[in-house]
Amino acid sequence: MRLVRPKKFLGQHFLTDLNIARDIADTVDACPAIPILEVGPGMGVLTQFLASKERRLRVVELDRESVAYLREHFPTLGEDIIEDDFLRMHLDETFDGEPFVLTGNYPYNISSQIFFKMLEYKDFIPCCTGMIQKEVAERMAARPGTKAYGILSVLVQAWYSVEYLFTVHEHVFNPPPKVKSAVIRLTRNTTRQLGCDERLFRRLVKTTFNQRRKTLRNNIRPLLAALDAERGTCDHTSLLADDIFDLRPERLSVDDFVRLTNRIEQDYKA
């Protein structure tokens with residue numbers, strides 16, 4: 001069977017360097033003894049090394065041409081080759097409700113969506129590794145007060161410890177992407193409950209970073225207006241007088257966003 005053609009609309013950039021593929025596969029060793037789900041295996045350059053880990057491996061691939069290639073070259077995987085859209089999968093059913101490691105050379109066009117999906121199933125994914133655009137990796141690992149710190153940083157770091165492991169250059173892909181890539185590892189932290197309304201927490205983070213150059217006092221107003229419409233008008237004078245609203249959102253840590261979420265809730269309970 002001939003090689004699979006990389007498809008731009010699927011964000012496919014096939015890794016060609018076997019040493020890097022082996023290094024990426026080895027990142028799952030930090031979370032041993034549980035199954036592995038690989039996203040977007042393509043022609044299996046990473047799959048071949050994951051398959052040697054002596055634990056169950058499943059791969060999910062949307063591209064029919066890649067699926068056919070995998071079935072021919074990795075026949076031992078059998079039904080563990082899943083032809084599906086990862087973003088539509090019920091991940092709690094992937095290994096019959098058991099936890100697993102999520103990994104892959106993630107499609108560039110949906111990498112952020114993959115991590116938001118991961119967060120929906122965080123109780124089943126104690127470890128996530130893989131390769132993404134360098135810029136996205138930097139955003140996930142960014143600390144408060146830095147330019148890269150944003151929505152993805154806060155929402156991921158609320159539940160995971162983030163390690164930026166190493167950078168991968170463009171020339172080891174077919175076709176070469178226009179950006180550098182990076183390999184990351186996310187490991188579930190000890191947080192099991194944020195201690196606030198998690199839905200409001202997410203809304204707060206997304207709303208404030210949508211206008212990140214404005215202070216919180218200005219960029220939070222659309223959220224407060226929406227909450228007033230949902231819950232009944234509330235006087236936010238005392239809330240907005242807090243000094244925290246003089247800051248821009250990138251200055252706030254995860255804990256700061258949790259405290260601010262609870263402070264907003266108190267306004268509606270007063």
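The preceding data block contains the structure.
Residues numbered from 1 in each chain as written. Predicted model: local features only at pLDDT ≥ 70, side-chain atom pairs only at ≥ 80, totals over all residues. Heavy atoms only, no water.

Colleague: Before we move on, could you go through the sheet that holds strand E7 (residues 160-168) and cite the residues and values that matter?
Modeller: One open sheet holds the seven strands; their spatial order is E4-E3-E2-E5-E6-E9-E7, and the pairing between them is mixed. Of all the strands in the sheet, the pair left with one neighbour each is strand E4 (81-83) and E7. For this sheet, the mean inter-axis angle between neighbouring strands, taken without regard to orientation, is 20°. Looking at chain direction, strand E2 (residues 36-39) and strand E3 (residues 57-61) are connected through four bridges and run parallel. (Pairing = 2+ DSSP bridges. Helix = DSSP H or I, 4+ residues; strand = E, 2+ residues; numbered from the N terminus. Axes fitted to C-alpha atoms, helices over the stretch in contact; angles between N-to-C directions.)

Colleague: An account of the side chain of Asn-189 is requested, with residue identities and associated values reported.
Modeller: When you line up the elements, Asn-189 lands in the loop between strand E9 (181-188) and helix H7 (198-209). A relative accessible area of 17% places Asn-189 in the buried class. Polar side-chain contacts of Asn-189 include one of 3.3 Å to the backbone oxygen of Ala-158. Filtering out sequence-adjacent residues up to four positions away, Asn-189 remains in contact with Gln-157, Ala-158, Trp-159, Tyr-160 and Ser-161. (Buried < 20%, exposed > 50% of the residue type's maximum accessible area, 1.4 Å probe, protein only. Polar contact = N/O pair within 3.5 Å; in protein donor to acceptor, adjacent residues only side chain to side chain. Contact = heavy atoms within 4.5 Å.)

Colleague: So what's going on with helix H3 (residues 64-73)? Which residues, and what values?
Modeller: Within the span of H3, buried status applies to Glu-65, Ser-66, Val-67, Tyr-69 and Leu-70. The secondary structure elements touched by the buried residues of H3 are strand E1 (14-15), E3 and E4.

Colleague: Kindly report on the nonpolar core, identifying the contributing residues and their values.
Modeller: If you look at the biggest cluster of nonpolar residues, it comprises 58 residues, and the most contacted ones within it are Leu-102, Phe-115, Phe-201 and Ile-264. Looking at this core, the element that brings in the most residues is helix H11 (residues 254-269), giving six residues. Phe-201 has contacts with Val-154, Leu-155, Ala-158, Leu-194, Cys-196, Val-254, Phe-257, Val-258 and Thr-261, leaving out every residue within four places of it along the chain. With 28 residues, the next largest nonpolar core counts Val-28, Cys-31, Leu-57 and Tyr-108 among its residues. (Core = buried A, V, L, I, M, F, W, Y, C linked by side-chain atoms within 4.5 Å.)

Colleague: Residue-level account of the packing of aromatic side chains, with values.
Modeller: By the definition in use, this model includes four aromatic pairs. Both rings, one in Tyr-106 and one in Phe-115, keep their centres 5.6 Å apart while their planes meet at 75°; by these two values the pair is edge-to-face. Of the two residues examined, Tyr-106 and Phe-115, each falls in the buried class. Summarising the aromatic geometry, the rings of Tyr-149 and Phe-209 are spaced 6.1 Å apart at their centres and angled 70° between planes, so their arrangement reads as edge-to-face. Taken together, the residues span a long stretch of sequence, with Tyr-149 in the loop between helix H5 (134-141) and helix H6 (151-157) and Phe-209 in helix H7 at a distance of 60 residues. Across the pair, Phe-209 and Tyr-149 agree in class, each one buried. A network of ring pairs unites the aromatic residues Tyr-149, Phe-209 and Phe-257 as a single cluster. (Phe/Tyr/Trp six-rings, centres within 6.5 Å; stacked < 30°, edge-to-face > 60°.)

Colleague: Quick rundown of unusual backbone geometry? Include the residues and the values.
Modeller: Of all residues except glycine, most have a negative phi; of all peptide bonds, most are trans. The omega angle of the peptide bond from Asn-174 to Pro-175 is -10°, so this bond is cis rather than trans. Look at Ala-33: it is not a glycine, yet its phi comes out positive at around 75°. Note on placement: Ala-33 falls in the loop between helix H1 (18-26) and E2.

Colleague: Could you give an account of the environment of Arg-212, naming the residues involved and the relevant values?
Modeller: Within the secondary structure layout, Arg-212 lies in the loop between H7 and helix H8 (216-219). Considered as a pair, Arg-212 and Asn-189 are 23 residues apart in the sequence and their alpha carbons are 27 Å apart. What Arg-212 contacts, discounting residues up to four positions off in sequence, is Thr-146, Lys-147, Tyr-149, Gly-150, Arg-248, Pro-249 and Glu-250. Within the structure, Arg-212 has its side chain in polar contact with the backbone oxygen of Lys-147 (distance 3.3 Å). A polar contact of 2.7 Å, which involves the side chain of Arg-212, links it to the backbone oxygen of Tyr-149.

Colleague: Which residues make up the side chain of Asn-219, and what values go with them?
Modeller: For Asn-219, the position within the fold is in helix H8. Asn-219 gets classed as buried once you look at its relative accessible area, which sits at 0%. Of note is the side chain of Asn-219, whose polar atom sits 3.2 Å from the backbone oxygen of Gln-211. Only 3.2 Å separates the side chain of Asn-219 from the backbone oxygen of Lys-214, close enough to count as a polar contact. Dropping the residues within four chain positions of it, Asn-219 is found in contact with Thr-207, Thr-208, Gln-211, Lys-214 and Pro-249.

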